[in-house]
Amino acid sequence: MDSMKYYVSVMGRSVIPDPSVTSYEWIIQATPQEAEQLLGLLSLMQEKEEEAFPGMVFPWPDTPEESVNRAYETVLQQVYREIYRLGTPETRYQIEQST
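Each value, and the rule that gives it
Residues numbered from 1 in each chain as written. Predicted model: local features only at pLDDT ≥ 70, side-chain atom pairs only at ≥ 80, totals over all residues. Heavy atoms only, no water. Helix = DSSP H or I, 4+ residues; strand = E, 2+ residues; numbered from the N terminus. Buried < 20%, exposed > 50% of the residue type's maximum accessible area, 1.4 Å probe, protein only. Phe/Tyr/Trp six-rings, centres within 6.5 Å; stacked < 30°, edge-to-face > 60°. Lys NZ or Arg CZ within 6 Å of the ring centre and 35° of its normal.

## Quick notes on the side chain of Thr88
Structurally, the position occupied by Thr88 is in the loop between α2 (65–86) and α3 (89–98). Accessibility expressed as a relative area gives 13% for Thr88, which makes it buried.

## Concerning the packing of aromatic side chains
All told, the structure shown has 2 aromatic pairs when counted by the stated rule. Residues Trp26 and Tyr80 carry aromatic rings whose centres are separated by 6.0 Å and whose planes lie at 90 degrees to one another, so their mutual orientation is edge-to-face. On the criterion of sequence distance, the pair formed by Trp26 in strand β3 (residues 26–30) and Tyr80 in helix α2 is long-range, its members being 54 residues apart. Using a relative accessible area of 11% as the deciding quantity, one classes Trp26 as buried. Against the face of Tyr84 rests Arg92, its NZ or CZ located 5.3 Å from the ring centre.

So, in structure tokens, the structure goes:
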């Protein structure tokens, strides 16, 4: 299957083929299946963020902040690895410059 450009917003949790629909941070070249897989990771990231929210708002003194955020951070890293893997040369360069 042929790949095409998709526009990714990590903040907006979106992977879309039309850049005029919403704002985006990254451009990738992906098959529809790869784009769908990335969208699934973004949804999982949202879930992990929501699961961690109570621990951030009502922290327990004996629960380190790292453990509250660990699942979210793990998925966030997976998202950025996938964006880098599928990214255009410009996207890859921007990610390299930000790390």
